[in-house]
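Tertiary structure, described
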Amino acid sequence: MNLKKLLTITAMTSVFALTACKDEKKPEVVAAAAQPAPQTITVGVMSGPEHQVAEIAAKVAKEKYNLNVKFVEFNDYALPNPAVSKGDLDINAMQHKPYLDSDTKANNITNLVIVGNTFVYPLAGYSKTIKNVSELKDSAKVAVPNDPSNQGRALILLEKQGLIKLKDNTNLNATPLDIVENPKNLQITPVDTAVAARALDDVDLAVVNNTYAGQVGLNTSDNGVFVEDKDSPYVNIIVARQDNKDSAAVQNFVKAYQTEEVYQEAVKHFKDGVVKGW
């Protein structure tokens, strides 16, 4: 064999060997690229059933997006928004838009934005003594939440039951001072939102949100005297900052929350007192 042929064969063999090496490495490269780098996100939630529901979102986030979710639990609604604003939390999932608007205005917070919806948790009226509003006696004691948006929301709900009349039934910040008609002379008292459900031993009727109703074993189907309409605009939301709203971690958590697995967990805790907000 002459030198020219030998060089040609050697060159072709080298090219084949290099191509084979490249082909052998391709599956390994593709496999590495398919697995996203792990991320971590810190989420503020209210203690109780809403936290348990959010834990399923964390499980989905880990399985689908390799996202590690750390929760910080609160018992006071006044704390999560400042925590997100200051960067102590990445996001929170614990409120509806009227509350966000009221809270950020009161605390001069300007850097929070809504990044997704979760569920509507309808308010309901509960009682240990009556089954229907027609049974409510004159001068009956009625407890409503004392935080600004839920208080107005509760009073609007009482008006829808024909129990009172408000000066403006579109005013989400209405207080008992805005009641212009009270034919049964109901004694309406704002109480701390967290203890409204536990006030049932001391009042004839309490308007309570599902977060706290669930904590004392109440649900709208078994215990509700009346329930807020399912088409309520008070859909709960996920809130982030302007500077992180588009991050992959935030967006992936929203997608993980808006899944059937999370909805089914919510149904377990709230029965018919929950509706998808997305």
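Residues numbered from 1 in each chain as written. Predicted model: local features only at pLDDT ≥ 70, side-chain atom pairs only at ≥ 80, totals over all residues. Heavy atoms only, no water.

1. Here we look at the overall build of the protein chain
If you tally the helices and strands in the protein chain, you get 9 helices and 13 strands. Within the protein chain, the proportion of its 278 residues that are buried is 46%. Across the protein chain, the fraction of contacts at a sequence separation of at least 24, relative to all contacts at a separation of at least 6, is 75%. Accessible surface, the protein chain as shown: approximately 14300 Å² in total, 53% of it carbon and sulfur. (Helix = DSSP H or I, 4+ residues; strand = E, 2+ residues; numbered from the N terminus. Buried < 20%, exposed > 50% of the residue type's maximum accessible area, 1.4 Å probe, protein only. Contact = heavy atoms within 4.5 Å. Areas by Shrake-Rupley, 256 points an atom, 1.4 Å probe, with all protein chains shown as cover.)

2. Points about the packing of aromatic side chains
Per the counting criterion, the structure on display carries 8 aromatic pairs. For the pair Phe119 and Tyr121, a centre-to-centre distance of 6.0 Å together with 70° between the ring planes defines the contact as edge-to-face. Neither Phe119 nor Tyr121 differs from the other in exposure class; each is buried. Both rings, one in Phe119 and one in Trp278, keep their centres 5.1 Å apart while their planes meet at 55°; by these two values the pair is tilted. Taken together, the residues span a long stretch of sequence, with Phe119 in strand β4 (residues 112-120) and Trp278 in the segment after β13 (275-276) at a distance of 159 residues. A connected cluster of aromatic rings, assembled from ring pairs, spans Phe119, Tyr121, Phe253, Tyr257, Tyr263, Phe270 and Trp278. The ring of Tyr263 carries Lys276 above its face, with NZ or CZ at 4.9 Å from the centroid. (Phe/Tyr/Trp six-rings, centres within 6.5 Å; stacked < 30°, edge-to-face > 60°. Lys NZ or Arg CZ within 6 Å of the ring centre and 35° of its normal.)

3. Regarding the pairing of strand β12 (residues 235-241)
A regular strand places its side chains on the two faces of the sheet in alternate fashion. For β12, a buried count of 7 out of 7 residues is recorded, marking the element as mostly surrounded by other parts of the structure. Side chains Val235, Ile237, Val239 and Arg241 of β12 all project onto a buried face; the interleaved residues Asn236, Ile238 and Ala240 project onto the opposite face, where all are buried too. Note that β4 and β12 share 6 bridges and pair antiparallel. Bridging across to β12, Val113 finds its partner in Ala240. (Pairing = 2+ DSSP bridges.)

4. Remarks on the pattern of salt bridges
Inspection of every chain in the model, using the stated rule, returns 8 salt bridges. Salt-bridge contacts for Lys128 lead to Asp201; the nearest nitrogen and oxygen are separated by 2.7 Å. Placement of Lys128 in the loop between β5 (124-126) and β6 (141-145) and of Asp201 in the loop between β9 (187-191) and β10 (205-208) is noted, with a sequence separation of 73 residues between them. A residue is classified by how much of its surface remains accessible, and Asp201, at 60% relative accessible area, is exposed. A salt bridge links Glu228 to Arg153; the shortest N-O distance between them is 2.6 Å. (Salt bridge = Lys/Arg side-chain N within 4 Å of Asp/Glu carboxyl O.)

5. So, the packing of helix α2 (residues 49-65) against helix α9 (residues 260-270)
One can describe the packing of α2 onto α9 by two numbers: an axis separation of 9 Å at closest approach and a directional angle of 160°. As summarised for this structure, α2 and α9 are arranged roughly antiparallel, according to the angle between their axes. The hand of the α2/α9 crossing is right-handed. For the pair α2 and α9, the contacting residues are Pro49, Glu50, Gln52, Val53, Ile56, Ala57 and Val60 in the first and Glu261, Val262, Glu265, Ala266, His269 and Phe270 in the second. (Axes fitted to C-alpha atoms, helices over the stretch in contact; angles between N-to-C directions. Parallel < 35°, antiparallel > 145°, perpendicular 65-115°, else oblique. Left-handed = near helix turned anticlockwise from the far one by under 90°.)

6. Some words on the layout of surface pockets
What the largest pocket holds in volume is close to 170 Å³. Together, 12 residues line the largest pocket, and Ile156, Lys160, Glu228, Pro233 and Tyr234 are the ones closest to its centre. Residue composition of the lining of the largest pocket, by class: 5 nonpolar, 2 polar and 5 charged. (1 Å grid on protein atoms, 1.4 Å probe; cavity = no way out; pocket = protein on both sides within 12 Å on 5 of 7 lines; lining within 4 Å. Points joined across faces, edges and corners; volume = space filled by probe spheres on them. Nonpolar A, V, L, I, M, F, W, Y, C, P; charged D, E, K, R; others polar.)

7. A short note on α2
Over its 17 residues, α2 extends 24 Å from the first C-alpha to the last, a length consistent with the 24 Å expected when each residue adds 1.5 Å. All of the buried residues along α2 are Pro49, Glu50, His51, Val53, Ala54, Ala57, Ala58, Val60 and Ala61. Immediately downstream of α2, the backbone of Asn66 shows phi near 55°, a positive value. (Expected span 1.5 Å × (residues − 1).)

8. What to know about unusual backbone geometry
Of note in this structure, Asn66 is not a glycine but carries a positive phi near 55°. Secondary-structure assignment places Asn66 in the loop between α2 and β2 (67-74). Judged by relative accessible area, which is 12%, Asn66 ranks as buried. The residue Ser139 is not glycine, and still its phi comes out positive at about 65°.

9. Quick notes on the nonpolar core
Counting 30 residues, the largest nonpolar core has Ile41, Val69, Phe253 and Tyr257 as the members making the most contacts within it. Elements represented by at least two residues in this core include exactly β1 (39-46), α2, β2, β3 (91-96), β4, β12, α8 (248-257) and α9. If we skip the residues at most four places from it in the chain, Val69 touches Ile41, Val43, Ala58, Ala61 and Phe253. Counting residues in each nonpolar core, the second largest holds 26 residues, with Tyr77, Met94, Ile109 and Ala206 among its members. (Core = buried A, V, L, I, M, F, W, Y, C linked by side-chain atoms within 4.5 Å.)

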